Amino acid sequence: MFRKIVSHLPFSPSLINELGFYAKRLSKEEATRKLGLIFTVLALIVQSLVVFSPPESANAADPSDMVRGGVWSGSQMMNHYDANTNDIRSLFNTIGITRAELSNATRNLQTLHSRDGNYSWGMTPHFGSAQGEGSYSVKSAGSGMRSFYYRPHQLWGNFTYTAYVGHSAKFGWFAIMRNCGNLITKSIPPAPTCPPGQIGTYPNCSTPPAPVVTCNTLEVKQSDNNKYQFTANTSAANGAKIQKYVFQVYRGNSLVKTLESTTPNVTYQEKTPGSYKVTVTLKTSLGDRTSAGCQKTFNIAAPERCPQNPTLLKNDPRCQPCAGNPTLWIEDKQCSASFIQQKSAINLTQSNMDATKTTAKAHDRITYHLKVTNKGFAPEKYTFTENLGDVLQYSTIFESGGGTLKEDANSNGGKTILQWPEITIKPGETQERTFTIQMASKISSMSTGTSNPGSFDCRMDNTFGNTVSVKVDCPNEKKVVETVATQLPRTGASENMLFAGLILSVVTFFYLRSRQLKKEVRIIRHTYNSVGTI
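So, here's what we can say about the structure. Note that the structure is predicted; figures quoted are calculated from it, not measured.

Reading the values: rules and limits
Residues numbered from 1 in each chain as written. Predicted model: local features only at pLDDT ≥ 70, side-chain atom pairs only at ≥ 80, totals over all residues. Heavy atoms only, no water. Phe/Tyr/Trp six-rings, centres within 6.5 Å; stacked < 30°, edge-to-face > 60°. Buried < 20%, exposed > 50% of the residue type's maximum accessible area, 1.4 Å probe, protein only. Helix = DSSP H or I, 4+ residues; strand = E, 2+ residues; numbered from the N terminus. Arc of directions from axis to C-beta. Contact = heavy atoms within 4.5 Å. Axes fitted to C-alpha atoms, helices over the stretch in contact; angles between N-to-C directions. Parallel < 35°, antiparallel > 145°, perpendicular 65-115°, else oblique. Nonpolar A, V, L, I, M, F, W, Y, C, P; charged D, E, K, R; others polar. Pairing = 2+ DSSP bridges. Salt bridge = Lys/Arg side-chain N within 4 Å of Asp/Glu carboxyl O. Disulfide = S-S within 2.5 Å.

Attention now goes to the packing of aromatic side chains. For the structure shown, the criterion picks out 19 aromatic pairs. Ring centres 6.1 Å apart and planes at 55° place the aromatic pair Phe159 and Tyr161 in the tilted group. Assessed through its relative accessible area of 25%, Phe159 is described here as partly exposed. Geometrically, the ring pair formed by Phe509 and Phe510 is edge-to-face, given 5.3 Å between the ring centres and 70° between the ring planes. Through successive ring pairs, a cluster of aromatic residues spans Phe339, Tyr368, Tyr382, Phe384, Trp420, Phe435 and Phe464.

Shown next, in the form of structure tokens:
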């Protein structure tokens, strides 16, 4: 239209009015284009906010997270390490991951798979020892011990995830999951020990004292009617050495025999009845050492032996039968407790059917039966403890059966531990506990957890010896949303910014085109009014 008016203007000056009309239309079009450009820029700003600050899932964190909500930058991970969040620094120091090695890992972001054959660590147990789950305890920065749990990563399912990957000179390959801050390892570290230069059993470590040799006690045992075993109970620490043991046997006040040995044990044979005294002197790097405790008297007679342990005398305080089997010695390895745990559940609302073979609905009541049997030969104290973290996502305690609901000290999950008072279970005895839960009046439609796929997964799982898994009748909208969410295309920041850039380019082009046409019309009108023609 513009080209047609301009080409005919020299032949028909009256077209200048149409050119003025066209100029007004261009001004309106320019205003419209400018407004469109402004809204496009604002939309682009909003889009960039969405891209660089993505929304978080309503269930993005789990009590098992080492760092609640995960870590999304290297500096954030190092801040949690320095603050010793959930004692993660204590764990890393114990297994041998240094701060420098962790810092290097935060600069190496990789995409890994749950079926790579690694172990996934967390703050709470989920699968039980039968599926390969174990615990690892370290000394807490506050007081007491902190337990962490590891299990084969593939138990969580088949998925990919992003993680900071590093290498420890002492421990080897490790990774930190971004969405939960949990540790990923290829192997299980050995039990923690005291650091070099200290003695004791972890975590009760101490600095060793100065070199010392002590003769503590001397033990005399009759192996048969004629032979006696002399055993010196000694201690040498911090470089001090015992070079020789000198045993001297007296009958009354007369020296009968001197026995020298490089070991703390010697055998002495004697038939003559009487009252005897034995002393032992240690030849050490610090000189001769002895003590009143290293003197022992004995009488040659035919004493009775302990029926359960012939190496002991019958009147020896340690000569006691095992409570569950009188033929065993009380200190025998077989004389110990062995607890067998079993668990089952019935749905009271659905005709007392096996709860694992039904689908729990709103308002249903389910009773769990816990059973512990002592298959060993010794009585031992036992505490019934049930972790209901997964069960209480869809239900509440209706009848605790005498138990008390307590907070889980190893997680942030609130009161999820049902515990009964401590009892003593005798050999062969079976103790049982029951409790009942009631399903919520409206089953939650909370989405499945991001860092814990077992959270709000329409199942109630918990382990007591064996794992009991109860299906939950989740709302249809949860199933539809999660099905659609898995089928939607996943576009990242680059695709969103490319699309927004294309829209901005198109809008900018039409705006600049309108400005150019308006400027050309103004030049033509100015020239025509000044000269009278073009």
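Once you've had a look at it, read on.
The next subject is helix 3 (residues 74–82). All buried positions along helix 3 are accounted for by Gly74, Met77, Met78 and Tyr81. All buried residues of helix 3 lie within an arc of 95° about the axis, which places them on one face of the element. Turned more than 90 degrees away from the buried face of helix 3 sit Ser75 and Asn79, all of them exposed. The elements touched by buried residues of helix 3 are helix 4 (88–95), helix 5 (99–105), strand 5 (160–168) and strand 6 (172–177). In the stretch just after helix 3, Asn84 is the one whose phi turns positive, near 55°.

A few words now on the packing of helix 3 against helix 4. At a minimum axis distance of 7 Å, the contact between helix 3 and helix 4 shows a crossing angle of 85°. Taken together, the axes of helix 3 and helix 4 are roughly perpendicular relative to one another. From helix 3, Met77, His80, Tyr81 and Asp82 reach across to helix 4, where they touch Ile88, Arg89, Phe92 and Asn93. Classifying every residue of the contact of helix 3 with helix 4 gives 4 nonpolar, 2 polar and 2 charged.

This part takes up the sheet that holds strand 30 (residues 466–472). Whether parallel or antiparallel, the strands of a sheet pair through hydrogen bonds between backbone atoms. Ordered in space as 20-30-29, the 3 strands form an open sheet in which the pairing is mixed. In this open sheet, the two edge strands, each paired with only one partner strand, are strand 20 (359–360) and strand 29 (459–464).

On to the sheet that holds strand 28 (residues 430–439). Pairing is antiparallel in the open sheet, where 5 strands are placed in the order 19-18-21-28-24. What marks the edges here is a single partner per strand, and that holds for strand 19 (353–354) and strand 24 (395–399).

Let's shift gears to helix 4. Of all the positions in helix 4, only Ile88, Ser90, Leu91, Phe92 and Ile95 are classed as buried. Following helix 4 by one or two positions, Gly96 adopts a phi angle in the positive range, close to 110°.

Attention now goes to the pattern of salt bridges. All told, the structure shown has 11 salt bridges when counted by the stated rule. Here Arg99 makes a salt bridge to Asp82, at a shortest N to O gap of 2.8 Å. Taken together, the residues Arg99 in helix 5 and Asp82 in helix 3 connect sequence positions 17 residues apart. In this structure, the salt-bridge partner of Arg318 is Glu331, at a minimum N-O distance of 3.1 Å. Highlighted residues: Arg318 in the loop between strand 17 (295–299) and strand 18 (339–347) and Glu331 in the loop between strand 17 and strand 18, separated in sequence by 13 residues.

Let's shift gears to the pairing of strand 28. Burial analysis of strand 28 places 7 of its 10 residues in the buried class, which makes it a mostly covered element. As paired strands, strand 21 (residues 365–374) and strand 28 are joined by 9 bridges and run antiparallel to one another. Residue pairing in the sheet places Thr373 in a bridge with Thr430 of strand 28.

A few words now on the environment of Thr124. Its location among the elements puts Thr124 in the loop between strand 2 (119–122) and strand 3 (134–139). On the accessibility criterion, Thr124 (5% relative accessible area) is buried. Residues Thr124 and Asp62 lie 62 residues apart in sequence; the distance between their C-alpha atoms is 9.6 Å. Excluding residues that lie within four positions of it along the chain, Thr124 makes contacts with Pro63, Ser64, Glu133, Tyr149, Arg151, Asp408, Asn410 and Ser411.

A complete count under the given rule lists 5 disulfides for this structure. Put simply, Cys194 and Cys205 are joined by a disulfide, and their sulfur atoms are 2.0 Å apart. The sign of the -90° torsion about the S-S bond sets the Cys194-Cys205 disulfide as left-handed. Residue Cys194 is found in the loop between strand 7 (183–185) and strand 8 (199–201), and its partner Cys205 is found in strand 9 (residues 204–206); the two are separated by 11 residues along the sequence. Here the disulfide map of the chain reads 1-2, 3-4, 5-6, 7-8, 9-10, the bonded cysteines being numbered as they appear in the sequence.

Here Ala175 shows up in strand 6. Note: C-alpha distance between Ala175 and Ala105 (70 residues apart in sequence) is 7.5 Å.

Summarising the element assignment, Ser64 is placed in the loop between helix 2 (15–52) and helix 3. Judged by its relative accessible area of 3%, Ser64 is buried. If sequence neighbours within four positions are ignored, Ser64 has contacts with Gly122, Met123, Thr124, His126, Arg151 and Asn182.

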